[in-house]
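# Descriptive analysis of the structure
Residues per chain, in single letters:
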Amino acid sequence: MRKVLDVAIRFVLSCTGIILIGALPPFLAGLQRKTLDWGIYWASLKEIVYSIVHVQDVTYMYLQTEKPLFPFMLEPVMYSLSVMLGAFVLACTAALLMTIITILFNYRVRRFIKIIFYIFESIPDILIIFIAQLSVIFIFQKSGILLMDIAALDKQKIYLLPIVCLSILPTVQLFRLSMIVFEEELNKDYVLLARSIGLKKLFIVIVHIFRNAVISVFFQSKKTVWFMLSNLFILEYLFNMGGVTLFMMESLNPKIFTITLIAFFIPIFIFYTVGEWLIKRKITGGESIS
Amino acid sequence: MKSVWKNPFFLIGFIFIAGVLIASFIYSGITNDHIPKYRFIYDDNGKIIGGSPQPPSWKSPFGTDKGGYDMFAKAIVGAKYTILSALAVGVVRMVLAVPIGLFLGVFLRRKKKYINGFVDSFHYIPLTILAVYLLRPILLEPQGGFTTTIFERIAMEVVILAILTVPIIVVVIGNETGRVAEQEFVLCSKTLGAGKLRIIRKHIFPALREKIFVIFGQQMMQTLIVFSHLGLLQIFLGGTHISYDPWMPDPPQSITYEWSGLIGNTYKLLQWIPWVPLTPIICFALTMIAVSFMIEGYVQATTGYSHYFKKGKGKKQKVKELPKLEPSPEEFHLYQKSS
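The rules behind the values
Residues numbered from 1 in each chain as written. Chains lettered and ligands numbered in written order. Predicted model: local features only at pLDDT ≥ 70, side-chain atom pairs only at ≥ 80, totals over all residues. Heavy atoms only, no water. Helix = DSSP H or I, 4+ residues; strand = E, 2+ residues; numbered from the N terminus. Rg over C-alpha atoms; globule rule 2.2 N^0.38 Å. Buried < 20%, exposed > 50% of the residue type's maximum accessible area, 1.4 Å probe, protein only. Areas by Shrake-Rupley, 256 points an atom, 1.4 Å probe, with all protein chains shown as cover. Core = buried A, V, L, I, M, F, W, Y, C linked by side-chain atoms within 4.5 Å. Salt bridge = Lys/Arg side-chain N within 4 Å of Asp/Glu carboxyl O. Contact = heavy atoms within 4.5 Å. Buried area = accessible area lost by both parts, 1.4 Å probe. Polar contact = N/O pair within 3.5 Å; in protein donor to acceptor, adjacent residues only side chain to side chain. UniProt positions renumbered as here; feature names shortened; annotations may be inferred. Phe/Tyr/Trp six-rings, centres within 6.5 Å; stacked < 30°, edge-to-face > 60°. Axes fitted to C-alpha atoms, helices over the stretch in contact; angles between N-to-C directions. Parallel < 35°, antiparallel > 145°, perpendicular 65-115°, else oblique. Left-handed = near helix turned anticlockwise from the far one by under 90°. Patch = residues over 30% accessible without salt bridge, like charges linked within 9 Å, V, L, I, M, F, W, Y side chains within 5 Å.

Our next topic: the overall build of chain B. Each helix and strand counted, chain B has nine helices and four strands in total. Each helix and strand of chain B, ordered N terminal to C terminal, gives the series α-β-β-α-α-α-α-α-α-β-β-α-α. For 339 residues, the compact-globule formula gives about 20 Å, and the C-alpha radius of gyration of chain B, at 28 Å, lies well above that figure. A principal-axis box enclosing the C-alpha atoms of chain B has dimensions of 120 × 60 × 35 Å. Here chain B holds 339 residues, and 49% of them are scored as buried. Taken as a whole, chain B presents about 18300 Å² of accessible surface, with 63% of it coming from carbon and sulfur.

Quick look at the nonpolar core now. The nonpolar side chains of a soluble globular protein tend to be buried, and buried together. M84 and F264 of chain A are the most contacted members of the largest nonpolar core, which totals 129 residues. By size, the runner-up hydrophobic cluster in this structure holds 21 residues, among which are V180, A181, I204 and I212 of chain B.

This part covers the pattern of salt bridges. Residues and elements named next belong to chain A. Counted according to the given criterion, the structure contains six salt bridges over all chains. Residue E47 is joined to K255 by a salt bridge in which the shortest nitrogen-to-oxygen separation is 3.8 Å. Pair noted here: E47 is in helix α3 (residues 38–53) and K255 is in helix α12 (residues 254–282), with a separation of 208 residues, a long-range link. Here the salt bridges do not stand alone but share partners, grouping R110, K114 and E183 into one network.

Right, let's talk about the environment of I215 of chain B for a bit. Residue and element names in this part refer to chain B. Counting through the fold element by element, I215 comes out in helix α7 (residues 196–232). I215 sits 43 residues away from V172 along the chain, and the two C-alpha atoms are 9.3 Å apart. Residue contacts for I215: discarding those within four places in its chain leaves M94, I169, V172 and I173.

Before going further, it helps to spend a moment on the interface of chain B and chain A. Each partner contributes residues to the interface: chain B has 62 residues there, and chain A has 63 residues. Regarding the contact of chain B and chain A, the summed buried area is about 6000 Å², with carbon and sulfur atoms giving 74% of it. Here chain B and chain A share zero salt bridges between them. On inspection of chain B and its partner chain A, the count reaches five residue pairs in polar contact (both at pLDDT 80 or more).

Next up on the list: unusual backbone geometry. Residues and elements named next belong to chain B. Here the phi dihedral of Q234 falls at roughly 60 degrees; this positive angle occurs in a residue that is not glycine. As for its placement among the helices and strands, Q234 is situated in the loop between α7 and β3 (240–241). Take Q234: its relative accessible area is 19%, and that puts it in the buried class.

Here, the residues flagged by UniProt with the feature "transmembrane region" (unreviewed entry) are residues 9–30, 81–107, 114–134, 154–173, 224–244 and 272–295 of chain B. Strand forms 0% of residues 81–107 of chain B and helix 100%; the C-alpha atoms that close the span are 39 Å apart.

Take the packing of aromatic side chains next. All names here are of chain A. If you walk through the whole model with that rule in mind, you get 21 aromatic pairs over all chains. For the pair F11 and F265, a centre-to-centre distance of 5.6 Å together with 20 degrees between the ring planes defines the contact as stacked. Remark: F265 occurs in helix α12 and F11 occurs in helix α1 (residues 2–22); sequence separation between them is 254 residues. Using a relative accessible area of 0% as the deciding quantity, one classes F265 as buried. Connected via pairs of aromatic rings, a cluster forms that spans F88, F218, F271 and Y272.

Once that is clear, we can look at the packing of helix α3 (residues 112–120) of chain B against helix α5 (residues 150–181) of chain B. All names here are of chain B. Contact geometry of α3 with α5 gives a least axis separation of 10 Å together with a crossing angle of 150 degrees. Judged by the angle between their axes, α3 and α5 are roughly antiparallel. Classified by chirality, the crossing of α5 by α3 is left-handed. Note on element contacts: α5 touches α3 through P167, I168, V171 and N175, opposite K112, I115, N116 and V119.

Turning our eyes to something else, we now look at a nonpolar patch on the surface. The grouping of I266, I270, V274, W277 and L278 of chain A at the surface amounts to a nonpolar patch, some 450 Å² of accessible area in total. Residue placement: I270 of chain A occurs in helix α12.

This is the structure we're talking about:
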């Protein structure tokens, strides 16, 4: 019961935070005239809260026609979420696989691989998207084979290239993260014990270390998801995808902005809360993990 | 602790950034922001053999854009605005977040759970979209021109971008502070009668110094990413100049040549003249790599191990060799002869 209450409090606090931020722009617009009017902030706060309570009545302008927000919003939200989930799963799988392969090498090779990835990590995401688009075009020009669509037209939905592009930098980040966790585990006593009774390194890594390390990686992946959100936005802009972020940009209006953010926030929040709960139950039998 | 100035990683990063900045200032000082223009390319007889845009060549290392302006000169002129603004954002963030974080970690440890829950909401808002959303009313030129000066706009942008992530840094620093505050040496100092302020000053801050530098570097890199995203969405550092000419509107332009303005709407030209959009992006990439090298170098120099390559064997510490003492037979005496 206490735990449920805790989660509820966290949820309400996060929503409050989003609403408080969502009401800022009309307030900040006063900076152009060098005035800051708290009355405007208060008014837009009230407006946002009102429209969240009466979410059925909110409309938005699309090609000069007013449309109700609610059923129309779900489609872009689902599209963006599926691209993001796809990229996240791909990034996790790739990062963990690479970690397991890398950890089997000796120290020197590991260090070399890490230096390469370290430089890779500080490349801006736009460059990666540009390179991906250019290389698909280049392959098309040379061989006539269009590997994947590089941009969406009108209502078309593209998945493959955006997911691949979106997953590259998170893969690198998660790889570094899991490399640190795995190497920490590798130095622990149970690994020594397992090796002393003659188990193979691959077996220890997959069966023992993996189970322990994956928990830490999960808890620390929240930053990566945050990073992916910004990345997703640019991706949708460059690929002309009809996702949620584009939808937010088209109607830069505090009400719609806030509602879209909350609609996007809820699935991610559920994902992390359920994930945390499952891990705590399953793996440690109810013990808390810091 | 070795001096950071002897660490190769730190030096490479520092020299790159300082070099670019100095070059930028010198170039502007000498040529007064003049950008060379090669509208047509002539051969030796004075015949036109080509026009702009030109691909990269020896004369213009990054090529020229559609108007024949040299991309390399533009990038050099713009470097100082971009790098200094990113630096300023990082500094403002740390100046605001470090004291609040320390305060939070020491005084408000009971309420930490609620503060964390509130700040958690920031992890679900894409930073770029928030920045676009907040900066658009300030940076897009309204009809009839700006009412603010360029430095006011840059200052506002820096402060707003800085405040956006302050809550997250505050929580990170607060958690670290809490972790240090539970260590034995702090408890010991507390039993000896040290006040909270003294503990912060003498124990917690020194323990967090490396962490703070790492966060500072990461924040600077993140700011550069946000600048590049904002450039793509045509919100330029220091304001976007918009032409309201009803007949022939020019594309939105940056007032200075800073890098996000150079990205602008050139990304649509990626397939035809890739060097134009790639120049500012590569500038961003190089600066970010330089900053991450500085972080790595700093951590290696101050802590002896690596931030990114944690838990390695590390370098073997040199043991100071003692002078060898060869025992000589004369040093040995028999005190008692056994019978």
